[in-house]
Amino acid sequence: MILHEEELFLIMREYFFKKFIQSLLTIFIVLMMNFFLFRIMPGDPIRILLRNPKISPEALEIVKEQFGLNQNKLVQFWIYLKDLLSGDLGTSFRFRQPVLDVVMERVPATVMLIGTATVFAIIVGITLGVIFAWKRGTKLDVIGLSLSLLLYSMPSFWVAIIMIMIFAVYWQIFPLGGLGAAGASYSSYWAELMSNIRYLFLPAFTFGLILIGQYVLIMRSSLLEVMQEDYMLTARAKGVSNRNLLLRHALPNAMLPVVTLIAINLGFIVGGSIQIETVFSWPGLGRLMYSSLTIRDYPVLQGLFLFITAIVILANFCADILYRYLDPRVKL
Amino acid sequence: MRKITFMTSMLVLLLVFSFVAAGCGGGGEEGVEESYVLKIGYLREVEGLNPHQLNTLASWEAAYISYNFLITYDQDLNYEPSLARDWEVDESGTVWTYHLEEGVTWHDSELFTAEDVKYTFDFLLENPDSYLSGYVANMVEITVVDEYTLTIKTAAPDATMPYVPVPILPEHIWGEMDAQEALTGFENSNPVGTGPFHVIEFRRGEFIQFGVNDNYFKGKPGLDEVIIIYYSNADTMIEALKQGEVDAVADIPGAQFKALADANLPDIVTLAADGAYFVELAFNTLDDEASLGNPLILDREIRVAFEHAIDRQKLIDVALMGYGDIGSTLIPAVYDFYHLDLGDDLRAYNPERSVEILEAAGYMPGPDGIRISPDGKPLDFRLFAHADIIETQKAAALIKEMLEEVGIAINVSVLDEGLIYDHIYAPDFDMFLWGWPVEVDPSYMLSYMTTDQHYWWNDSYYSNPAYDALYLEQMGTLDRNERQQIVHEMQRIFYDDCPYIIYAVKDSLQAYRTDKFEGWVRSPRSGGVIFATGITTYEQLRPIGR
């Protein structure tokens, strides 16, 4: 059936609308769960926050009132929703700053680290996966597969410590951690950029290594499966060259599971990586989430979870669109 | 598809190039480094710079070097002039007159006067939700006599005076704001103080950079800059010290400190300084229906028997890696004037004695080896350890073993801070392990254990009218030697009643490099060089040979 452009547009519009409503609903449910989940969690945030013996009981009441914690939980939720609609994510208990500022302050560092690592892992992982699938059963495949499994199963903090030991302690070609040299001034923009890249390299490369394994494994098995299909045999029989066989006939179909994996991993980009960030003293969102959890900084936790939810939904949405592009049989 | 392949290969190429370039960069292009920058590594973040919200040691250290108090402590913990050059008290013991240093300027060049002091204290009196308000709680009136003289009247004679650990704030900046803004909204990202250093840049979760105050009234320090760098990993922090990326580190965990001390590196001094943080086994002594704890723990004989069953030295050797001293009373030995030395009265490790006490009180072994009270209840208790303080978990496991030796059953749970608070305030606990940082003036630590503080800081629900009365008495005793006697008496009463077993006082573990700077000063004499009771190191440190 051939669709007219107008019909296609209508279907697309309907699809987007449906997807949009679905996303809003998901976000709302997540919001609600976050709000009440954190508040059911034991541990009084204000007690922890004011762990200062000079604070009087009166002061505690004043602070509770400031944060609206003396009110009924439903009323608190209502206020939270109202504020949210006007773009106010609340105030961090710990930093006493707007949550949006606290979170946004850390976004660039995390995106830079996890983003670089993910891009690196996707490109290298997919390439290697394709090569291994193509050379299935050879020595290269066996070694590559074992290495991928090894990387995939290694705990990230351990890899991080080993990397630091080799590159920052033994050879000392990379710094030990941090986002940059504290308080350094640079002679030129180029010098500053180079210095920043040096600081970024080790954590990004480490995290990239850890991610590569899964891309290799999924790409390889997905491609192998596709290569068993009848149409591959048909294409080969028709005399399609090896190169075209791989790039035009096998790869597009084999990409589907990888796209799913990418979409899932995108969620981690904003979630950060607690372990990598901790080992490398990287001021990202993962560490913020962990420290906020230990002191029950609900507003920051809610803000972070909302942010992650939104990104995951967006990524999935993009994946859906990409599916259709990769495989026209997928219906919107 | 061809296009995509091309782009992919370009991306790979770019990535590989940037990595290689990064690798080749080597150590050379670090940027132009200042020669006289003191870099300090620390494992806790500076959370903010607003003095009304000082909540962590890192934030306090930042405030210490940006601002000044009226009076500080010298190395022997005697009062030393700071913004106040002299002071006296009237005969009633309630009116203190401070004579201020003249010609002191704020970082923005405005002149510091008595009005700034009055503004600071008045604000705290009016706004009890500042973290600093507790320090002025006894003041009733602050009067400016002239530009450089002011009087403070207290409700009753107050032994903590004339020392007031409050950073003096400039009225010309803070007085402009409404109270709520000053307390919470104001980030104070460039604090204007009178201190030896002023903030140049503060990056949350990364570092805080200070520049020197050329006009510092006690003389310009020998450093150009101070940077406190936050590390979230102790191993890399120590490595940074070894590589000379930082010059000093504080609060080193025992394992890392031991490795560093054993390595005996030429330019690094390791310092296991006397600390003021004690760790205790606290009992629920609330004798009230509201308590959900095991009522058997209310029997002092049981608690005393516990103490004899506990080998303090073993706890220190294992849980604290040997970096601590035997603890006993509420005021640690580093504050030697007020500390009460129990001598032979300390209930030392003696399991036989422990068994004797338990059996004399009628607690006999049951069929499974667990002792049973005369009315048939087993001696079975819960012990909470703190999830974020690893040493309490190690200590809990040891204490469980030690108490099992004398026939007591212990159930250890590791709870995070929020949960421990919930249990303490319920109150639903038998015992827990935690600690207290003790301030120089004994009144703060002593106050936490008064009956007034039930459901607040008195986490053992300890109550003894004699102790409470002595607390008030020492607060009103301005004579140092008389006060010492009362403070000693209070420590003895508290120790005899045994609501806490203070098993150790932790060392403050620091290390610093000696190849760049000289003039490291310990405050007090047996204490640390940074994060200490004074900021003399920052004021006196200078490049070698300068």
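Here the structure is a predicted model, which is why all the values come from computation and not from measurement.

Enquirer: So what's going on with the overall build of chain A? Residues and values would help.
Expert: Along its length, chain A carries 13 helices and zero strands. Secondary structure elements of chain A, listed N to C terminal, follow the sequence α-α-α-α-α-α-α-α-α-α-α-α-α. In terms of principal-axis extent, the alpha carbons of chain A reach across some 85 × 60 × 40 Å. Counting only contacts in chain A whose residues sit at least 6 apart along the sequence, the fraction spanning at least 24 positions is 75%. When the accessible area of chain A is evaluated, it comes to approximately 16,800 Å², of which 68% is carbon and sulfur surface. Charge centroids of chain A, computed over 27 positive and 21 negative side chains, lie 8 Å from each other.

Enquirer: Can you explain the sheet that holds strand S5 (residues 95-100) of chain B? Please cite residues and give values.
Expert: Residues and elements named next belong to chain B. One open sheet holds the four strands; their spatial order is S4-S5-S7-S6, and the pairing between them is antiparallel. Bordering the open sheet on either side are strand S4 (84-89) and strand S6 (139-146), each of which pairs with just one other strand. Neighbouring strand axes in the sheet, compared pairwise and without regard to direction, differ in orientation by 20° on average. As paired strands, S4 and S5 are joined by five bridges and run antiparallel to one another. Bridging across to S5, alanine 84 finds its partner in leucine 100. Here helix H3 (residues 114-126) sits on the sheet and contacts S5, S6 and strand S7 (149-154); the angle it forms with S6, its principal contact strand, is near 165°.

Enquirer: Got a sec to walk through the confidence of the model for chain B? Specific residues and values, please.
Expert: Caution is warranted with low-pLDDT regions, since their predicted coordinates should not be read in detail. Of the residues in chain B, 93% have a pLDDT of 70 or more, and the chain-wide mean is 90. Both confidence scores are given for the complex: pTM 0.87, ipTM 0.85.

Enquirer: Explain helix H3 (residues 57-66) of chain A to me, and be specific about the residues and the numbers.
Expert: Residues and elements named next belong to chain A. All of the buried residues in H3 are Ala59, Leu60 and Val63. End-on view of H3: buried residues confined to an arc of 105°, all on one side of the axis. In H3, those exposed residues whose orientation departs by more than 90 degrees from the buried face are Glu58 and Glu65. The first or second residue beyond H3 is glycine 68, which carries a positive phi of 70°.

Enquirer: Give a detailed account of the side chain of aspartate 297 of chain A, specifying residues and quantitative values.
Expert: Residues and elements named next belong to chain A. Within the secondary structure, aspartate 297 is located in the loop between helix H12 (285-294) and helix H13 (298-326). One buried charge, aspartate 297, has no salt-bridge partner; the nearest side chain with opposite charge is arginine 94, at 4.4 Å. Once you skip the residues sitting within four places of it in the chain, aspartate 297 turns out to touch Ser92, Phe93, Arg94 and Ser292.

Enquirer: Help me get a handle on the pattern of salt bridges, residues and values and all.
Expert: A complete count under the given rule lists 29 salt bridges over all chains for this structure. The shortest N-O distance in the salt bridge between arginine 382 of chain B and aspartate 430 of chain B comes to 3.5 Å. One end of the pair, arginine 382 of chain B, is in strand S16 (residues 380-386); the other, aspartate 430 of chain B, is in the loop between helix H12 (417-425) and strand S18 (431-437), with 48 residues separating them in the sequence. Owing to a relative accessible area of 24%, arginine 382 of chain B belongs among the partly exposed residues under this scheme. Take aspartate 430 of chain B: its relative accessible area is 2%, and that puts it in the buried class. If you follow the salt bridges from partner to partner, you end up with Glu105 of chain A together with Glu187 and Arg204 of chain B in one network.

Enquirer: Quick rundown of the pairing of strand S17 (residues 409-415) of chain B? Include the residues and the values.
Expert: All names here are of chain B. Two elements, S16 and S17, share seven bridges in a ladder whose sense is parallel. From the neighbouring strand, arginine 382 faces S17, where its bridge partner is asparagine 411. Following the chain from S16 across helix H11 (residues 390-405) to the adjacent parallel S17, one finds a crossover that is right-handed.

Enquirer: Which residues make up the environment of tyrosine 67 of chain B, and what values do they have?
Expert: Residues and elements named next belong to chain B. By the secondary structure assignment, tyrosine 67 is in the loop between helix H2 (57-66) and strand S2 (71-73). When the C-alpha positions of tyrosine 67 and isoleucine 168 are compared, they lie 6.6 Å apart, and in sequence the two are 101 residues distant. Each residue touching tyrosine 67, except ones within four places of it in the same chain, is listed here: Pro51, Pro167, Ile168, Leu169, Pro170, Trp174, Asn188, Pro191, Val192, Gly193, Thr194 and Gly195. Separated by 3.1 Å, the side chains of tyrosine 67 and asparagine 188 make a polar contact.

Thresholds applied
- Residues numbered from 1 in each chain as written.
- Chains lettered and ligands numbered in written order.
- Predicted model: local features only at pLDDT ≥ 70, side-chain atom pairs only at ≥ 80, totals over all residues.
- Heavy atoms only, no water.
- Helix = DSSP H or I, 4+ residues; strand = E, 2+ residues; numbered from the N terminus.
- Contact = heavy atoms within 4.5 Å.
- Areas by Shrake-Rupley, 256 points an atom, 1.4 Å probe, with all protein chains shown as cover.
- Lys, Arg positive; Asp, Glu negative; His and termini not counted.
- Charge placed at Lys NZ, Arg CZ, Asp CG, Glu CD.
- Pairing = 2+ DSSP bridges.
- Axes fitted to C-alpha atoms, helices over the stretch in contact; angles between N-to-C directions.
- pLDDT = per-residue confidence, 0-100.
- Buried < 20%, exposed > 50% of the residue type's maximum accessible area, 1.4 Å probe, protein only.
- Arc of directions from axis to C-beta.
- Salt bridge = Lys/Arg side-chain N within 4 Å of Asp/Glu carboxyl O.
- Right-handed = clockwise from strand over helix to strand, strands pointing away.
- Polar contact = N/O pair within 3.5 Å; in protein donor to acceptor, adjacent residues only side chain to side chain.

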